[in-house]
Amino acid sequence: MSALLEVRDLKVHFPVRRGVLQRQVATVRAVDGVSFDVEEGSTLGLVGESGCGKSTTARAILRLVEPTGGSVKLGGADIVALKPGELRKKRRDMQMVFQDPYASLNPRMTVFDTLAEPLLTHGLVKDKAEVEKRVRELMSQVGLSGAYMRRYPHEFSGGQRQRIGIARAIALHPKLVLLDEPVSALDVSIQAQIINLLMDLQQSLGLTYVFVAHDLAVVRHVCAEIAVMYLGRIVERAPAKELFVTPRHPYTKALLSAIPIPDPEVERKRKRLVLVGEVPSPLNPPAGCHFHPRCPSAEDRCKTEVPKLRELAPGVTAACHLAD
Ligand code: SF4
């Protein structure tokens, strides 16, 4: 299988300006040299706490925020180098499902209008009858009855609204869908239904996903590979099975340690690694290894030497001086 998405050294830096002359006084390195591939038809999980740069990475891939550097190739074409007109056409191939389905849907537009808009903008339907047929089809694909197409977002539950968001994302037959915390705002009882729907659609439509999540438990069964981010950088990347059994980076170990184990016996015996404090501000990240102020294994050199991503096993990389 070949990589559909190739991200190389992606950077998103925001200037911080102050004073009357709006001089740049600092730089926020929200995404700071991120590289990964995603194979066609596969799912990569992008995981980390809030503020680690995972959502900004997803938005930069779509150019909803402008990358400062690096390249993003989708099917070989560099998205970062596209001119606005070319980008508009290419957007058909890459769509996003947002965390909050209520905020991402226009409250004044019916489901019909929401789903018809991209079809009409991209000239995918010829007449009114065809629009209606395609809207019904999309609603059925996400498990909603076409009888509800004239309703407004507030008339649906959170789970149903997310189904509408997913229908809008697949309307243009995209190749890549970026899922930005797609179930975080939903009740736990609904989360599994939405994840199952996403998996079914991936199978039937051959979609490639980047699944952004703050919780490793959510991505466990849906991702072939997982990249863990901390302060704008990937600190570990591994096949999902490997990462859950043999985490290499102390940050990954801490994130895994926060997931409860259903067996009370195992749960009682296991050693917990509790993360203290918050993710530091990307405006002023700690020197050396960004994780050192919170790392239980930190040594003196961690305060000055930046650890490089090293390959520790086939397909497994981690950025830690001590990982092996
Ligand atoms: Fe911890 Fe040092 Fe490894 Fe960073 S490099 S994760 S501070 S042990």
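Residues numbered from 1 in each chain as written. Predicted model: local features only at pLDDT ≥ 70, side-chain atom pairs only at ≥ 80, totals over all residues. Heavy atoms only, no water.

**Comments concerning the overall build of the protein chain**
Across its full length, the protein chain holds 11 helices and 12 strands. Computed over the C-alpha atoms, the radius of gyration of the protein chain is 21 Å, within 12% of the 20 Å expected from 2.2 N^0.38 for a compact globule of 324 residues. The C-alpha extent of the protein chain, read off along each of the three principal axes, is 70 × 60 × 40 Å. Of the roughly 16,100 Å² of accessible surface on the protein chain, 51% is carried by carbon and sulfur atoms. Computed over 44 positive and 36 negative side-chain charges, the inter-centroid distance for the protein chain is 4 Å. (Helix = DSSP H or I, 4+ residues; strand = E, 2+ residues; numbered from the N terminus. Rg over C-alpha atoms; globule rule 2.2 N^0.38 Å. Areas by Shrake-Rupley, 256 points an atom, 1.4 Å probe, with all protein chains shown as cover. Lys, Arg positive; Asp, Glu negative; His and termini not counted. Charge placed at Lys NZ, Arg CZ, Asp CG, Glu CD.)

**Re the pairing of strand E1 (residues 3–18)**
In this sheet, strand E2 (residues 23–39) lies alongside E1 in antiparallel orientation, the contact comprising 13 bridges. Bridge pairing in E2 places His13 opposite Arg29. Between the end of E1 and the start of E2, which pair antiparallel, lie 4 residues, with Gly19 showing a positive phi angle near 80°. Two strands pair when backbone bridges link them, and E1 and strand E4 (residues 69–74) are joined in this way by 5 bridges, in the antiparallel orientation. When the bridges of E4 are listed, Arg8 appears paired with Ser71. (Pairing = 2+ DSSP bridges.)

**Section: the sheet that holds E4**
Taken in spatial order, the 4 strands line up as E2-E1-E4-E5 in an open sheet, and their pairing is antiparallel. The outermost strands of the open sheet, each flanked by one partner alone, are E2 and strand E5 (77–78). Across the face of the sheet, helix H1 (residues 54–62) comes into contact with E1, E2 and E4 while running at roughly 110° to E1. (Contact = heavy atoms within 4.5 Å. Axes fitted to C-alpha atoms, helices over the stretch in contact; angles between N-to-C directions.)

**Side note on the nonpolar core**
Val135, Phe211, Leu216, Val219 and Ile226 are the most contacted members of the largest nonpolar core, which has 62 residues in total. At 6 residues, the largest contribution of residues to this core is made by helix H7 (residues 188–205). If near-sequence neighbours (up to four positions away) are discounted, Ile226 is found in contact with Leu44, Gly45, Val47, Leu216, Val219, Glu236, Arg237, Ala238, Ala240, Leu243 and Phe244. (Core = buried A, V, L, I, M, F, W, Y, C linked by side-chain atoms within 4.5 Å. Buried < 20%, exposed > 50% of the residue type's maximum accessible area, 1.4 Å probe, protein only.)

**Digging into the site of the ligand**
In the region of the ligand, 13 residues are neighbours, and Cys289, Cys295, Cys302, Cys320 and His321 sit closest. Here the shell around the ligand is composed, by residue class, of 9 nonpolar, 4 polar and no charged. (Near = heavy atom within 4 Å. Nonpolar A, V, L, I, M, F, W, Y, C, P; charged D, E, K, R; others polar.)

**Quick notes on the side chain of Ser71**
Position of Ser71 relative to the elements: it lies in strand E4. If we ignore the near neighbours within four places in the chain, the residues touching Ser71 are Glu6, Val7, Arg8, Asp78 and Val80.

**Regarding the packing of helix H6 (residues 158–170) against H7**
When two helices pack together, their arrangement is given by the angle between the helix axes and the distance between those axes. Between H6 and H7, whose axes approach to 10 Å, the crossing angle comes to 20°. The pairing of H6 with H7 is recorded here as roughly parallel in orientation. At the point where H6 passes H7, the crossing takes the right-handed sense. Here Gly159, Gln162, Arg163, Ile166 and Ile170 of H6 lie close against H7, whose contacting residues are Ile190, Gln193, Ile194, Leu197, Leu198, Leu201 and Leu205. Each residue belonging to the contact of H6 with H7 can be placed in one class, and the counts come to 8 nonpolar, 3 polar and 1 charged. (Parallel < 35°, antiparallel > 145°, perpendicular 65-115°, else oblique. Left-handed = near helix turned anticlockwise from the far one by under 90°.)

**Some details on unusual backbone geometry**
In this structure, His173 is a non-glycine residue whose phi angle is positive, near 55°. Here His173 lies in the loop between H6 and strand E7 (176–180). Accessibility expressed as a relative area gives 51% for His173, which makes it exposed. Not every positive phi belongs to a glycine, and Glu181 is a case in point at roughly 50°.

**Focus on the pairing of E4**
Here E4 runs beside E5; their pairing, made up of 2 bridges, is antiparallel. Its bridge partner being in E5, Lys73 is matched across the sheet by Asp78. In sequence, E4 turns back onto E5 through a hairpin of 2 residues, with Gly75 there showing a positive phi of about 55°.

**Things to note about the environment of Asp187**
Residue position: Asp187 is located in the loop between E7 and H7. A relative accessible area of 54% places Asp187 in the exposed class.

**Re the sheet that holds strand E11 (residues 310–313)**
One open sheet accounts for 8 strands, arranged E6-E7-E8-E3-E9-E10-E12-E11; its pairing is mixed. Both outer strands of the open sheet, strand E6 (94–97) and E11, are each paired with one neighbouring strand and no more. Across the sheet, the mean angle from the axis of one strand to that of its neighbour is 25°, orientation sign disregarded. Sheet topology note: the strand E3 (residues 43–47)/strand E8 (residues 208–213) ladder contains 5 bridges and is parallel. Within the sheet, the bridge partner assigned to Leu44 lies in E8 and is Val210. Seen against the sheet, H6 touches E6 and E7 and runs at an angle of roughly 175° to E6.

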